[in-house]
Amino acid sequence: MMSYPPFRRPASLRRAALALPLACALALAGTGAAGAAEPDPAARGPLLRVEAQAQREVTDDIAVAVFFVERDGPQPAPLQAAVNPVLESALADLKRNPALQVRTGRYGAHPRYGRDGRIEGWRVRAELVAESKDIAAVSQATATLAGRMNVASIGFRLSDARRQETERSLTG
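Residues numbered from 1 in each chain as written. Predicted model: local features only at pLDDT ≥ 70, side-chain atom pairs only at ≥ 80, totals over all residues. Heavy atoms only, no water.

A. A look at the overall build of the protein chain. A tally of regular secondary structure across the protein chain gives 5 helices and 6 strands. In the protein chain, the succession of α and β elements from N to C terminus is β-α-α-β-β-α-β-β-α-β-α. Looking at the 172 residues of the protein chain, the share that counts as buried comes to 25%. In the protein chain, once contacts between residues fewer than 6 apart in sequence are set aside, the share between residues at least 24 apart is 76%. Total accessible area computed for the protein chain in this model is approximately 12,200 Å², and 54% of it derives from carbon and sulfur atoms. (Helix = DSSP H or I, 4+ residues; strand = E, 2+ residues; numbered from the N terminus. Buried < 20%, exposed > 50% of the residue type's maximum accessible area, 1.4 Å probe, protein only. Contact = heavy atoms within 4.5 Å. Areas by Shrake-Rupley, 256 points an atom, 1.4 Å probe, with all protein chains shown as cover.)

B. How the structure looks around the packing of aromatic side chains. Counted by the stated rule, this structure contains 0 aromatic pairs. Lying over the aromatic face of Phe-68, Arg-125 brings its terminal NZ or CZ to 3.9 Å of the ring centre. (Phe/Tyr/Trp six-rings, centres within 6.5 Å; stacked < 30°, edge-to-face > 60°. Lys NZ or Arg CZ within 6 Å of the ring centre and 35° of its normal.)

C. Inspection of the nonpolar core at higher detail. Within the largest apolar cluster, 22 residues are counted, with the highest numbers of intra-cluster contacts made by Phe-67, Leu-94, Leu-100, Leu-128, Leu-145 and Met-149. Contributions of two or more residues to this core are made by β3 (62-73), α3 (76-95), β5 (119-132) and α4 (135-145). Per-element accounting of this core gives the leading share, 7 residues, to α3. (Core = buried A, V, L, I, M, F, W, Y, C linked by side-chain atoms within 4.5 Å.)

D. Structural detail: the side chain of Glu-131. Note on placement: Glu-131 falls in strand β5. Taking the relative accessible area as the measure of exposure, Glu-131 reaches 11% and is therefore buried. In terms of polar contacts, Glu-131 uses its side chain to reach the side chain of Arg-157, at 3.2 Å. Excluding residues within four positions of it along the chain, Glu-131 makes contact with Ile-62, Ala-63, Val-64, Ala-99, Leu-100, Gln-101, Arg-103, Val-138 and Arg-157. (Polar contact = N/O pair within 3.5 Å; in protein donor to acceptor, adjacent residues only side chain to side chain.)

Pasting the structure below:
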């Protein structure tokens, strides 16, 4: 008997796919006290299993940019003291644009180890995430933070509203 690897969709395609659990609905509609008391499933007659699936390609509609500031040094406390004001001012600058949804991302202080396994320094890194349906607003955020923060990534994602709208159109 041959076994096949599981199907994986390419990461580049964003799809809203729904499995319609009609079999569950039919099974629940037919269960009850009488169904639980019946000892032999064959006595009920033939079993019908119904499944349906619908899918549609959906274009990502939110641009997402992740910015970061990072400092290295011998002790973490002065590095945090250097990173925090940069993060706070960048956050305040981007929040002035009503088209952007801005939030802090990851924040961490991590030791750097030398060849001998001892801590030889520290690295503190803080991230800021800006999202918008307006790509120009995200681009402007990149220009606003130039020189203060670096770009970690820029990408796109599907909004919750668009996902729900597509789900309703596929199931309705």
